[in-house]
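Take a look at the letters that make up each chain.
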Amino acid sequence: MRDIRNIVILTGAGVSAESGVATFRGPDGLWEGHRVEDVATPEAFVRDPALVQSFYDARRAKLGTVGPNGAHRALARLDSEWPGELLIVTQNVDDLHERAGARRVLHMHGELKSAWCLACDGRIPWEQTLADGPTCSACGERGLLRPDIVWFGEIPYRMDEIDAALQRADLFVSIGTSGAVYPAAGFVQTARYLGARTLEMNLEPSQGSVFFDESRIGRAGELVPAWVDEMLGGTKVR
């Protein structure tokens, strides 16, 4: 038995799916009728920017129809009450962690409510359409804003911060992820190699289940609140 002080949590699409946010990878590798190659690569944006912009405009608008679920709220409670270091690294581009009240959140794949200006390299909060080529409020250039989303072939954000947190972690927790997309899929191996305990909570075992000390199978909305109760109730992790 040893005390847990520093925690890194990785969340994926399975957390937000219970709120009604469609997962990116659907049947046959499609998401809402689009191939990944058509809407989630730099090449797709060059080839058909109107299609890509409209795709993410629709996803951004969808956020107004969904809200945080029990898993988001439980993690926000842990964020608020946990006395040690805690970092929620999310692969999700929605804002449901923040709307639930979490503050120690890092979006490694970007955010729907942010736009990236290709002229000045600035990131600005954005909630409207990008399809009409709006003006960047930072530099004044028009028509050069794209979704602030990490597409396939691009490097996830703030990897140095994530690596530093994993270096200090006593516990690594993965929630609602398939374990199929790197570099996030490799976090458990890094954490385990550095001596952290590892726990996954998922609807089914992930592709990296073998690397976890414990797997809890079920809905995030049920598993995560129970786990947070354990952590804040003083339970120590073996």
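Residues numbered from 1 in each chain as written. Predicted model: local features only at pLDDT ≥ 70, side-chain atom pairs only at ≥ 80, totals over all residues. Heavy atoms only, no water.

K.L.:
I'd like to hear about the pattern of salt bridges, residue by residue, with values.
P.N.:
Going through the model one piece at a time under the given rule, you end up with 18 salt bridges. One salt bridge connects E161 with R158, and the closest N-O pair in it is separated by 2.9 Å. Looking at E161, the relative accessible area reads 42%, which means it is partly exposed. D213 is the partner of R197 in a salt bridge, and the nearest nitrogen-oxygen pair spans 3.7 Å. Of this pair, R197 sits in strand β10 (residues 197-202) while D213 sits in the loop between β10 and β11 (214-217), and the two are 16 residues apart along the sequence. For R197, a relative accessible area of 28% translates into the label partly exposed. With a relative accessible area of 33%, D213 lands in the partly exposed category. (Salt bridge = Lys/Arg side-chain N within 4 Å of Asp/Glu carboxyl O. Buried < 20%, exposed > 50% of the residue type's maximum accessible area, 1.4 Å probe, protein only. Helix = DSSP H or I, 4+ residues; strand = E, 2+ residues; numbered from the N terminus.)

K.L.:
An account of the sheet that holds strand β6 (residues 110-117) is needed here, citing residue identities and associated values.
P.N.:
Here three strands make up an open sheet; going across it, the order is β7-β6-β8 and the pairing antiparallel. Two strands close off the open sheet at either side, each with one partner strand: β7 (123-125) and β8 (145-149). Ignoring strand direction, the axes of neighbouring strands in this sheet form an average angle of 45 degrees. As defined by bridge partners, β6 adjoins β7 across three bridges and the pair is classed as antiparallel. The partner of A115 across the bridge, within β7, is I124. (Pairing = 2+ DSSP bridges. Axes fitted to C-alpha atoms, helices over the stretch in contact; angles between N-to-C directions.)

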